[in-house]
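Letter by letter, the chains look like this.
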Amino acid sequence: MVTEASLKTFSEISQRILQEIGRDIVGQREVVEQTVIAMIAGGNVLLEGVPGVGKTRLVRSIGRVFGLPFSRIQFTPDLMPSDVTGSQILVREADGRTHFSFQAGPIFSHIVLADEINRATPKTQSALLEAMQEHQVSAAGEAHRLEEPFFVLATQNPIEQEGTYPLPEAQIDRFMLKLVMSFPSLDELEDIVLMTQETMEE
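This write-up is about the structure you can find in this document. (Residues numbered from 1 in each chain as written. Predicted model: local features only at pLDDT ≥ 70, side-chain atom pairs only at ≥ 80, totals over all residues. Heavy atoms only, no water.)

**Regarding the side chain of E116**
Stage number 1. Its place among the elements puts E116 in the loop between β5 (111-115) and α5 (122-125).
Stage number 2. Looking at E116, its side chain comes within polar contact range of the side chain of Q74, at 2.8 Å. (Helix = DSSP H or I, 4+ residues; strand = E, 2+ residues; numbered from the N terminus. Polar contact = N/O pair within 3.5 Å; in protein donor to acceptor, adjacent residues only side chain to side chain.)

**As for the environment of I73**
Stage number 1. Relative to the helices and strands, I73 is located in strand β2 (residues 70-74).
Stage number 2. Sequence-wise, I73 and L113 are 40 residues apart; in three dimensions their C-alpha atoms are separated by 6.1 Å.
Stage number 3. Setting aside residues up to four positions removed in sequence, I73 forms contacts with L79, V84, P106, I107, V112, L113, A114 and D115. (Contact = heavy atoms within 4.5 Å.)

**A closer look at the pattern of salt bridges**
Stage number 1. A full pass over the atoms with the stated rule returns six salt bridges.
Stage number 2. One salt bridge in this structure joins R64 and E20, with 3.2 Å as the shortest N-O distance. Here R64, found in helix α3 (residues 55-66), pairs with E20, found in helix α1 (residues 4-22); they are 44 residues apart in sequence, far enough to count as distant.
Stage number 3. Using a relative accessible area of 44% as the deciding quantity, one classes R64 as partly exposed. (Salt bridge = Lys/Arg side-chain N within 4 Å of Asp/Glu carboxyl O. Buried < 20%, exposed > 50% of the residue type's maximum accessible area, 1.4 Å probe, protein only.)

**Section: the packing of aromatic side chains**
Stage number 1. With the rule as written, the count across this model stands at one aromatic pair.
Stage number 2. Ring geometry for F102 against F108: centres 5.8 Å apart, planes inclined by 65°, an arrangement best described as edge-to-face.
Stage number 3. Taking the relative accessible area as the measure of exposure, F108 reaches 27% and is therefore partly exposed. (Phe/Tyr/Trp six-rings, centres within 6.5 Å; stacked < 30°, edge-to-face > 60°.)

**Some remarks on the pairing of strand β4 (residues 98-104)**
In summary, the side chains of a regular strand alternate between the two faces of the sheet.
Stage number 1. Bridge count for strand β3 (residues 86-92) against β4 is seven bridges, and the pairing is antiparallel. Residue pairing across strands places S87 opposite Q103, the latter belonging to β4.
Stage number 2. Linking β3 to β4, which pair antiparallel, is a turn of five residues; within it G96 sits at a positive phi near 95°. (Pairing = 2+ DSSP bridges.)

**Regarding the nonpolar core**
Looking at soluble globular proteins, one finds that nonpolar side chains tend to be buried together.
Stage number 1. Residues F75, V84, I107, I117, L128 and V152 are the most contacted members of the largest nonpolar core, which totals 23 residues.
Stage number 2. Contributing elements (two or more residues each) for this core: β5, α6 (129-134), β6 (136-139) and β8 (151-156).
Stage number 3. Non-local contacts of F75, meaning those with residues more than four positions away in its chain, are made with V84, A114, D115, E116, I117, R119, A120, T124 and L128. (Core = buried A, V, L, I, M, F, W, Y, C linked by side-chain atoms within 4.5 Å.)

**A look at the sheet that holds β5**
Stage number 1. Strand order in the open sheet made by the five strands is β2-β5-β8-β1-β9, with parallel pairing throughout. Taken across any chain shown, the strands that pair with only one partner, and hence form the sheet edges, are β2 and β9 (177-180). On average, each strand axis in the sheet is tilted by 20° relative to the strand beside it, whichever way the strands run.
Stage number 2. In this sheet, β8 lies alongside β5 in parallel orientation, the contact comprising four bridges. By the bridge assignment, V112 is partnered in β8 with V152. (Axes fitted to C-alpha atoms, helices over the stretch in contact; angles between N-to-C directions.)

Encoded structure:
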């Protein structure tokens, strides 16, 4: 049962989450809020922006604040679907017998950063479809469940940039929100420089 006290507690926790993420991210307040809202609702998020606006840093900060296991998949044109989901490998026992065993890929984590997802070919992008929709991975006729909670936070470069592939409609449909991270203002750039210098000194 939802009570006024539980709503107040939820609001206070949400504000602390936003404040903690704000220690790492300068500006982008609306993007941060919308990303946290989507995760609370159990959805996946697609972040779009030119390189250098803090997309990857935002996802890393969220993983740290939520305290959940985090994995990063760097999407490139030569990335294969099995590099994402995992594959069957041949295992030799001490007695000489052999059998196939499933070796889980980086998709088996609670928060998955699909970095520059639209640099990979459509075939590799499609490897995420089942995981994002069914929270499982099928290999050799066997379904492997992903641990809950499970979120995919993907980043993509604007489609007009060289070396990008458009995301298929089925892939886009798996994201609850698509958020655009704008280039920081001059004041925000100054704060970013100061923050970076402090981090380097530490």
